[in-house]
Amino acid sequence: LQTTCPNPLLSPLYAAPKQSPLLVDDESDSFDIPNLPWTHQPLCSTSFSDIPGEKFCVFSSASYNLGAGVSFLTTPETAAGLVVAIDRAADHWLERRHFKPQEEFQHPDLPYAIISIPGKGKGVIATRKISRFETIMRAFPAVIADNAFFPREEEDEAGVKFKVTEGGTRKATPAGESVRARGFVKGRKYYQRALEQMGDRQRVLNLARSRKGEMHVLEDVIRTNAFGMTVNGRDCKGLYPEIARMNHACDPNAFPRFTSNDLVMSAVATRDIMPGEEITISYIPLGMPTSYRAKSLGNWHFNCTCALCTAPAEAREASDSRRERLMELFYAMQDSETQYDALVDWTREFIELAQVERLITKIGEYYQVFMKLYYDKGDPESAKKYGEAALYFAEIFSDTEGGFCTSLREDLQVVEKVLAESKAKSG
Ligand SMILES: C[S@@+](CC[C@H](N)C(=O)[O-])C[C@H]1O[C@@H](n2cnc3c(N)ncnc32)[C@H](O)[C@@H]1O
């Protein structure tokens, strides 16, 4: 009986760089060691966490990205894990030429320009034809902040206000005190520090704001412009100033793709884009009907004027009914009572509707589910077909080294093994 891990050093559990020389905080004697990118002593606090003693700090590198700089509001462990990714940004120096604090921007080597768009502030348009699946832009972060810096406030059925923390624990708020107000005050010092330590503040301060006056300017900019993302297993908001100029559309022609190994956020074209066409991304989950989208976009504090939301009622209703049917089919297909023949019919119907609704960036997700369904129904051939297609799209639109692609590759290996075994048996 083996009671200890045979090779503890290789276990991912042991990979956390607890004793790593890269792990520093406000109490470290020296953070000025050769491998560290930080240009300032971290500023830390234990008040952002419900876990006793857990620290969150501001880590900044003013020299990152040709002096544009970056600040991370995160734990010392996560910051230590980011050091290698920060270094990798150097590989992309050619694509960072456009990092200048201009409000409007065009460069002959880049396929887009940032211009004013009536009713939407600034926006990004194509300056030449961009082909489907082409990477339009690669953006580097100005700030990545853990969600612990953004307390949410919710009410229970009796109307009592709760602070919802990162770990999901709920704390009742003292009567009459606004948690949002407390959150703002607490974070203010750290946002200010993150801003001051950034090389190029204008790059961030020029960005759109939607809640003026209520909170620290950096928090407002982050809430208006940042992407939700997972970094080292933690939920964060990432501010990528150049890509943040892209406006929202409910049927967008681009998709933001985050790669964890270099912290780059790219915009990938989901279809051919013609010169002069606005380049858009979706700020909310794709494939939802109008009422859900309006509610979701309410959190972004603007009324959507995209082509789908302003389309004639007939077109919107037709799109809504296709989207509702897609959801209905997706649940029905996953019901354990579903027979194989029905699964085949519904898969065909589902794919046709998803094509009409142009949900190409969701295809990887859908096909992963289809792979599992066909595998469970004893059809590994079809499972393999959907698994391969899922991986093809996942590698275009998501992090090739991330969890989704990795699990797809592992699932495909299982399916291929089963197929090889059954072929060996029959042959
Ligand atoms: C992330 S910024 C996008 C860039 C922004 N237009 C700018 O000037 O920097 C988000 C803001 O852009 C505007 N916006 C984005 N998409 C829009 C849309 N579909 N309809 C109307 N306004 C939009 C809203 O003011 C929103 O708060």
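Here is a short report on the structure shown in this document. Numbering of residues begins from 1 in every chain and follows the order in which that chain's sequence is written. For this predicted model, a pLDDT threshold of at least 70 governs which residues receive local features, and a threshold of 80 or more governs which side-chain atom pairs are given and counted, while totals over whole chains, interfaces and linings are taken from all residues. Side-chain measures were taken over the full set of non-hydrogen atoms in the model, leaving aside hydrogen atoms and water.

Further remarks concern the state of the cysteines. By definition, a disulfide is the covalent link that joins the sulfur atoms of two cysteine residues. Counting rule for disulfides: a pair of cysteine sulfur atoms within 2.5 Å. For the structure shown, the criterion picks out one disulfide. Here Cys-44 connects covalently by a disulfide to Cys-57, the sulfurs 2.2 Å from one another. Here the S-S torsion is close to 105°, and the disulfide linking Cys-44 with Cys-57 is therefore right-handed. Within this pair, whereas Cys-44 is found in strand β1 (residues 43-45), its partner Cys-57 is found in strand β2 (residues 56-61), the two being separated by 13 residues in sequence. Assigned by exposure class, Cys-44 and Cys-57 land together as buried. Considering cysteine sulfurs only, Cys-306 is the nearest to Cys-304, which forms no disulfide, with 3.6 Å between them. Numbering goes from the N terminus for both helices and strands, where a helix is a DSSP run of H or I of at least four residues and a strand is a run of E of at least two. Burial here depends on accessible area, computed with a 1.4 Å probe over protein chains only, as a share of the maximum for the residue type. Under 20% is buried, over 50% is exposed, and the range in between is partly exposed.

With that settled, consider the site of the ligand. Inspection of the region around the ligand gives 16 residues, with Lys-120, Lys-122, Arg-245, Asn-247 and His-248 positioned closest. Identification of polar contacts relies on pairs of N or O atoms within 3.5 Å, with a donor-acceptor requirement for protein atoms, meaning one able to donate a hydrogen and the other able to accept it, and with residues adjacent in sequence counted only if both atoms are side-chain atoms. One nitrogen or oxygen atom from the main chain of Lys-120 is found 2.5 Å from a nitrogen atom belonging to the ligand. Per-residue accessibility takes into account occlusion by the displayed protein chains alone, with areas from the Shrake-Rupley method and a 1.4 Å probe. When the ligand is considered free in solution it has 560 Å² of accessible area, and contact with the protein chains removes 90% of it. Of all the secondary-structure elements, those providing two or more residues to the shell around the ligand are β6 (121-126), α5 (217-225) and β14 (247-248). For this scheme, ten residues count as nonpolar: Ala, Val, Leu, Ile, Met, Phe, Trp, Tyr, Cys and Pro. Four count as charged, namely Asp, Glu, Lys and Arg, and the remainder, Gly too, count as polar. A per-class count over the shell around the ligand returns six nonpolar, seven polar and three charged. Any residue with at least one heavy atom within 4 Å of a molecule or strand is counted as near it.

Right, let's get into empty space enclosed by the protein. A cavity here means a set of points on a 1 Å grid, drawn over the protein atoms and nothing else, where a 1.4 Å probe fits but cannot get out; a pocket is an open set with protein on both sides within 12 Å along at least five of seven lines, and a residue lines either one if it has an atom within 4 Å of a point. Grid points are joined across faces, edges and corners, and a volume is the space filled by probe spheres set on the points. If you walk through the whole model with that rule in mind, you get two cavities of 30 Å³ or more. Put simply, the second largest cavity is a space of about 80 Å³. Forming the boundary of the second largest cavity are Cys-250, Asp-251, Pro-252, Ala-254, Thr-270, Leu-286, Arg-323, Glu-357, Arg-358, Leu-359, Ile-360 and Thr-361. In terms of residue class, the lining of the second largest cavity is built from six nonpolar, two polar and four charged. Each domain's extent is set by a domain assignment, obtained either automatically or from a database. Built from parts of two domains, the lining of the second largest cavity gets at least three residues from each of domain 1 (8-281) and domain 2 (305-426).

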